[in-house]
Amino acid sequence: MYRYDEFDHRLVNERVAQFRRQVARRLDGELTEDQFKPLRLMNGLYLQLHAYMLRVNVPYGVLSTRQLRKLAMIARRYDRDYGHFTTRQNIQYNWVSLEDTPDILAALAEVEMTAMQSSGNCVRNITADQYAGRAADELEDPRVWCELIRQYSLLNPEFAYLPRKFKIAVTGSPNDRAAVAVHDIGLRMHHDDNGRAGFEVLVGGGQGRTPVIGRTIRDWIEPEHILSYIEAILRVYNLYGRRDNIYKARIKILVNALGIDKFRELVETEWAALRGGELTIPEEEIERIERYFAPPAWETLFDQGEAMRAQAAAEPEFGAWLEANTAAHKAPGYMIVNLSLKATGHEPGDLDADRMDRVADLADRFSLGELRVSHRQNLVFADVRQQDALELWRALRELGLATPNIGKLTDMIACPGLDYCALANARSIPVAQDISRHFTAVDKLHAIGDLTINISGCMNACGHHHVGNIGILGVDKQGQEFFQLTLGGASDQHAALGDRLGRALPQAEVPAAIERIVDCYLDLRAADETFLDTYRRVGIKPFKAAVYDDTAEVRRVA
Amino acid sequence: MALVKNGELVNDPFRDVTGADTIPPDGAVLVSLEQWQDHCHSLQRRPDPVGVLLESDQHPEIIADDLDQIAVVALAFPTFRDGRAYSYARLLRERYGFTGELRAVGDVLLEQLHYMQRCGFDAFQLDGEDPARDFAIAQSDFSVWYQPASDGRLSALRLRHRRV
Ligand code: SF4
């Protein structure tokens with residue numbers, strides 16, 4: 001992974017010192033809360049319902065075990081013994097105090113981590129495929145470009161006060177695990193006929209109140225020009241994005257208002273002036289960064305597929321885990337292993353300090369001292385020897401991190417919701433817990449197959465409900481918490497927004513409604529169709545009937 | 001309000017007449033874009049320097065051809081959250097070749113000075129008890145930068161690969 005050199009270290013330490021001064025000025029009363037707010041937000045510090053929340057960047061989701069141990073220490077010393085992994089591949093602490101934050105940031109700096117720009121109207125943490133550099137289906141390692149964009153965007157003087165926040169994601173695989181189509185800028189790497197890499201650039205995707213699937217603004221750009229192209233987009237956005245209404249300030253609104261063609265024209269005109277300038281990335285810098293992400297010295301191993309199948313036959317629970325929680329690795333004899341942070345009844349994405357330490361020990365032992373955070377709020381060991389699979393599974397099971405549900409119904413994304421978030425209409429976490437308690441049978445989950453459920457506590461959509469195969473949105477009905485379901489959303493290379501199923505349901509009815517939807521799918525599916533395949537074939541009607549048919553409401557509609 | 005230019009507290013020689021009905025016949029003045037457009041000829045013939053204030057929705061491209069007649073371009077920050085003038089400043093310096101004074105006016109806070117300076121501002125209208133001290137603090141925060149901007153400072157990337 002990337003390691004700081006003297007420049008990176010100096011910059012981060014200077015930023016910590018600067019924030020320490022800002023906090024001191026606030027505590028002295030020299031700054032009002034109003035003046036301080038944007039400063040703390042630039043450093044990921046939010047004021048939530050009950051306490052300050054600090055969001056720490058995990059750049060493109062890559063963590064070393066040394067960093068994870070530091071995160072555990074922070075959870076223990078400054079928080080309530082746990083942290084929450086987010087859909088931006090970051091970690092949040094929900095119970096920190098303002099006075100402690102400079103020390104927390106200093107501790108993070110020791111392990112090359114920051115909270116810079118994890119909030120505020122600026123470029124946020126760059127996200128990527130959690131299997132980057134390891135997936136068998138990958139064309140290019142996106143982390144190299146994420147790191148270049150990370151440096152370009154940090155403390156960028158021109159773009160610290162954009163109209164609104166700005167999110168960039170990169171995938172180097174045709175199977176998009178980074179949801180690039182719902183980002184302000186999404187980058188997809190392709191190869192040309194000569195095998196040279198380049199980017200397809202998507203712009204204007206996003207979730208929130210006005211969900212939009214991003215559109216291709218340019219289908220090919222050479223990698224060395226990617227920063228100048230991003231600068232052209234950011235500048236056009238900074239100049240013309242709306243600033244009169246925060247709900248209309250994201251770049252997607254600008255792109256929609258101008259139309260993609262006019263927007264493209266503005267960007268291309270700007271880029272024509274920037275192209276070939278200072279932002280052109282020199283070959284030697286690309287090579288320098290690439291060296292940090294060079295494949296580790298994998299052992300020469302043989303594929304252990306057969307041996308693992310035999311173990312799976314002897315131990316079906318292991319088999320279910322193998323099927324659901326592992327993925328194909330580039331190197332023979334290796335595999336990618338997901339650690340599920342979605343055990344039954346557990347708060348999605350939470351991990352306590354003790355288990356952070358234990359996970360770090362396991363990553364040292366089984367995965368070359370590194371791990372990843374996925375945008376679906378799980379952890380990933382990217383370099384596991386297949387011959388260690390059984391032993392690792394046993395160790396993970398003991399920690400409660402081997403629930404065989406990755407990509408399955410109970411692998412839900414849920415935002416913090418009303419339990420923590422000041423903007424929420426409803427509690428997302430208890431709904432997730434109810435559903436996961438409702439679907440505990442492993443064989444049923446296995447029979448249902450790949451199906452994502454995403455839950456947001458309000459229309460800001462931090463839980464990505466628009467792009468869940470089943471989306472659940474908390475709404476407020478005369479002070480009561482209700483939940484609106486959507487079907488058919490997807491965030492991969494065939495990204496789509498979900499369709500509204502019908503009237504919102506009270507919390508108690510949600511698990512049963514999900515069950516009806518799932519049973520309807522199991523009834524209707526042809527051969528090996530996934531839920532999404534079936535939904536796309538048959539449409540929403542049968543699902544509507546399945547959920548609402550015994551109620552007056554639907555009889556009226558029908 | 002005090003003016004800090006190139007790090008020092010200075011007297012502002014420009015009289016702000018942007019809200020006035022008439023423009024005084026002599027002395028250095030700061031005018032609005034509308035005044036500049038309406039009185040372009042008389043203003044250009046004045047022996048004393050003229051500055052133009054642009055609001056945050058007035059793109060400096062409008063005056064790009066007049067820049068050799070203009071001594072000061074003042075860019076307004078109606079609120080510190082409105083970041084358009086950072087881009088205007090860079091365009092003025094890097095694309096339109098403006099070499100005169102580039103002044104930040106409006107909601108200009110200590111914490112933004114560093115970014116402004118990097119984008120090409122060299123003069124700042126500041127509130128506060130000790131503006132020169134604020135400016136010095138803002139200047140001392142960082143000694144390394146990731147991006148090239150208008151201030152000519154070498155980015156970390158350039159320093160890494162500088163050949164000795
Ligand atoms: S979706 Fe709404 S409730 Fe959930 S975290 Fe975001 S703002 Fe809060």
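This section reports on the structure supplied with the text. (Residues numbered from 1 in each chain as written. Chains lettered and ligands numbered in written order. Predicted model: local features only at pLDDT ≥ 70, side-chain atom pairs only at ≥ 80, totals over all residues. Heavy atoms only, no water.)

It is worth spelling out helix H3 (residues 84-95) of chain B at this point. Residues three or four positions apart in an α-helix share a direction because the helix packs 3.6 residues into each turn. With 12 residues, H3(B) extends 16 Å from end C-alpha to end C-alpha; this agrees with the ideal 16 Å at 1.5 Å per step. With 10 of its 12 residues buried, H3(B) lies for the most part within the structure. Taken together, the buried positions of H3(B) are B:Arg84, B:Ala85, B:Tyr86, B:Ser87, B:Tyr88, B:Ala89, B:Arg90, B:Leu91, B:Leu92 and B:Arg93. Tucked inside the fold, the buried residues of H3(B) contact helix H6 (226-240) and helix H8 (260-274) of chain A together with strand E6 (72-77), strand E7 (101-106) and helix H4 (110-118) of chain B. B:Gly97 occupies a position one or two residues after H3(B) and carries a positive phi of about 65°. (Helix = DSSP H or I, 4+ residues; strand = E, 2+ residues; numbered from the N terminus. Expected span 1.5 Å × (residues − 1). Buried < 20%, exposed > 50% of the residue type's maximum accessible area, 1.4 Å probe, protein only. Contact = heavy atoms within 4.5 Å.)

Residues and elements named next belong to chain A. The five strands are arranged E6-E7-E8-E9-E10 in an open sheet whose pairing can be described as mixed. The open sheet is flanked by strand E6 (127-128) and strand E10 (215-221), the only strands paired with a single partner. Where strand E9 (residues 197-203) meets E10, four bridges bridge the pair, whose relative direction is antiparallel. For Val-203, the partnering residue across the bridge sits in E10 and is Arg-215. (Pairing = 2+ DSSP bridges.)

Residue and element names in this part refer to chain A. Take Leu-409: it is sitting in the loop between helix H13 (389-398) and strand E16 (413-414). Among the residues examined, Leu-409 registers a relative accessible area of 0% and is labelled buried. Considering only alpha carbons, one finds Leu-409 and Ile-514, 105 residues apart in sequence, at a separation of 9.6 Å. Leu-409 has contacts with Ile-435, Phe-439, Leu-445, Ile-448, Gly-449, Leu-451, Ile-453, Ile-514 and Val-518, leaving out every residue within four places of it along the chain.

For the rest of this paragraph, the subject is the pattern of salt bridges. Under the counting rule described, the total for this entry stands at 65 salt bridges over all chains. Note that A:Arg21 is salt-bridged to B:Asp141, the shortest N-O span being 2.7 Å. With A:Arg21 in helix H1 (residues 6-27) and B:Asp141 in the loop between helix H5 (131-140) and helix H6 (156-160), the pair connects residues from two separate chains. In terms of burial, A:Arg21 and B:Asp141 fall into one category: buried. In this structure, B:Glu111 and A:Arg25 form a salt bridge, with 2.7 Å as the shortest nitrogen-oxygen distance. Here B:Glu111, found in helix H4, pairs with A:Arg25, found in helix H1, and the two come from separate chains. Owing to a relative accessible area of 9%, B:Glu111 belongs among the buried residues under this scheme. On the basis of relative accessibility, which here comes to 13%, the residue A:Arg25 falls in the buried class. Counted as one network, the salt bridges with shared partners bring together A:Arg21, A:Arg25, A:Glu30, B:Glu111, B:Arg133, B:Asp134 and B:Asp141. (Salt bridge = Lys/Arg side-chain N within 4 Å of Asp/Glu carboxyl O.)

This brings us to a negative patch on the surface. A cluster of acidic side chains, namely B:Glu34, B:Asp38, B:Glu55 and B:Asp57, defines a negative patch on the protein surface. For B:Asp57, the position within the fold is in the loop between strand E5 (50-54) and E6. (Patch = residues over 30% accessible without salt bridge, like charges linked within 9 Å, V, L, I, M, F, W, Y side chains within 5 Å. Areas by Shrake-Rupley, 256 points an atom, 1.4 Å probe, with all protein chains shown as cover. Lys, Arg positive; Asp, Glu negative; His and termini not counted. Charge placed at Lys NZ, Arg CZ, Asp CG, Glu CD.)

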